[in-house]
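Coordinate analysis (summary)
Chain by chain, the residues:
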Amino acid sequence: MFGSIHSGPQTNIRDGPLQRAQTIVSRMQSPWTFEALEEFGRTRLSTSFYMRDFLHSEIAAQYGLPNVPDDPDLALAVGRRLCAEVLEPLQARFGRLHVRSGFRSQLLNAFGHANDLDCGSNEDAAGAHIWDLPDRRGAHGAMACVVCPWLVDQCAQGLDWREFAWWIHDYLPYSTMVFYARNLAVNISWNERPKRLIYSRVNPDEGYVTTKADAQSLERCPQRYADLETRRQAQPPW
């Protein structure tokens, strides 16, 4: 529908990141036109979110690499599920979400991984930040890194961020969540075969928050987020 773009050529490992990126771009033949990319970015994924919200990448901006999918229609399909089923209800309850990172092309993610730019391997990112590539299980999915400003403010006043994570675990059809210390950013994903796993990088060596039993159980545990609910009623996000 929108066109496609394929992984770029091999580059000299002795080159620096910028040289490698310039080599990739100089040899690339992209069928994307400006008009097609503009139209793609304007595609609405849900009530509040558009595809453009998830295309920005500091790697793309710094090194001049395109961040567009090989399979635009698949990227839109899984992006709609992520937005409609996870991000919209989360935003409706806890206030505006700031999107830090969303879609990554296979080309851009591979470049980021090879140059130690905080990207996992393409195998790990498939069905997550690489929206248009199924994961190792053959399941399709999408991931975004978001920050909830209301949560940041509440945690500065004593709220345990895990309460926010447990509320999501009980109420939303997420697949994985990985929380980080800075701004309590969370990589949150939707997947057609959800794993229901919470992982913490907030504190060193913390690791998994959920157990195998938590992943399998659908029983809600309101006591895990009682303070969160009290604070939300006292200081509404909106």
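The notes below deal with the structure included here. Keep in mind it's a predicted model, so treat the numbers as computed, not measured.

Concerning the pattern of salt bridges
- Taken as a whole and judged by the stated rule, the model has 11 salt bridges.
- A salt bridge links glutamate 38 to arginine 42; its shortest N-O distance comes to 3.3 Å.
- Its salt-bridge partner being glutamate 206, residue arginine 162 comes within 2.3 Å of it at the nearest N-O pair. Here glutamate 206 lies in the loop between strand E5 (197–201) and strand E6 (207–208) and arginine 162 lies in helix H8 (residues 161–171), a separation of 44 residues in the sequence.
- Three or more residues joined by partner-sharing salt bridges are found here, namely Arg93, Glu229 and Arg232.

A closer look at the packing of aromatic side chains
- This model, assessed by the stated rule, comprises 13 aromatic pairs.
- Taking 5.1 Å as the distance between ring centres and 90° as the angle between the ring planes, the aromatic pair formed by phenylalanine 94 and tryptophan 167 counts as edge-to-face. Of the two residues, phenylalanine 94 is situated in helix H4 (residues 72–94) and tryptophan 167 in helix H8; the sequence distance between them amounts to 73 residues.
- By relative accessible area, which is 1% here, phenylalanine 94 ends up buried.
- Just above the ring of tryptophan 166 sits the side chain of arginine 224; from NZ or CZ to the centre is 3.8 Å.

Regarding the nonpolar core
- In this structure, Leu87 and Trp131 are the most contacted members of the largest nonpolar core, which totals 50 residues.
- If you list the elements that add at least two residues to this core, you get helix H2 (34–41), H4, strand E2 (141–147), helix H7 (149–156), H8, strand E3 (176–180) and strand E4 (186–191).
- At 10 residues, the largest contribution of residues to this core is made by H4.
- Beyond its immediate stretch of four places on either side in the chain, leucine 87 contacts Phe49, Phe54, Leu82, Leu97, Val146 and Ile188.
- Counting residues in hydrophobic clusters, the runner-up holds seven residues, among them Tyr63, Leu65, Leu108 and Phe111.

The rules we used
- Per chain, the residues get numbers from 1 upward, laid out in the order the sequence is written.
- Given that this is a predicted model, residues contribute local features only at a pLDDT of at least 70 and side-chain atom pairs are listed and counted only at 80 or more, while totals for whole chains, interfaces and linings are drawn from all residues.
- Excluded from the side-chain calculation are hydrogens and water; included are all heavy atoms of the structure.
- Criterion for a salt bridge: a side-chain nitrogen of Lys or Arg within 4 Å of a carboxyl oxygen of Asp or Glu.
- Numbering goes from the N terminus for both helices and strands, where a helix is a DSSP run of H or I of at least four residues and a strand is a run of E of at least two.
- Stacked, edge-to-face and tilted labels apply to pairs of Phe, Tyr and Trp rings (six-membered ring for Trp) whose centres lie within 6.5 Å, assigned for plane angles under 30 degrees, over 60, and everything in between, in that order.
- Each residue is placed in one exposure class: buried if its accessible area under a 1.4 Å probe, protein chains only, is under 20% of its type's maximum, exposed if it is over 50%, and partly exposed if it falls in between.
- Sitting over a ring, as applied to charges here, requires NZ of Lys or CZ of Arg to be within 6 Å of the ring centre and within 35 degrees of the ring normal.
- Nine residue types can take part in a nonpolar core, namely buried Ala, Val, Leu, Ile, Met, Phe, Trp, Tyr and Cys, and a core is a set of them joined through side-chain atoms within 4.5 Å.
- Note on definitions: a residue-residue contact is assigned when non-hydrogen atoms from the two residues lie within 4.5 Å.

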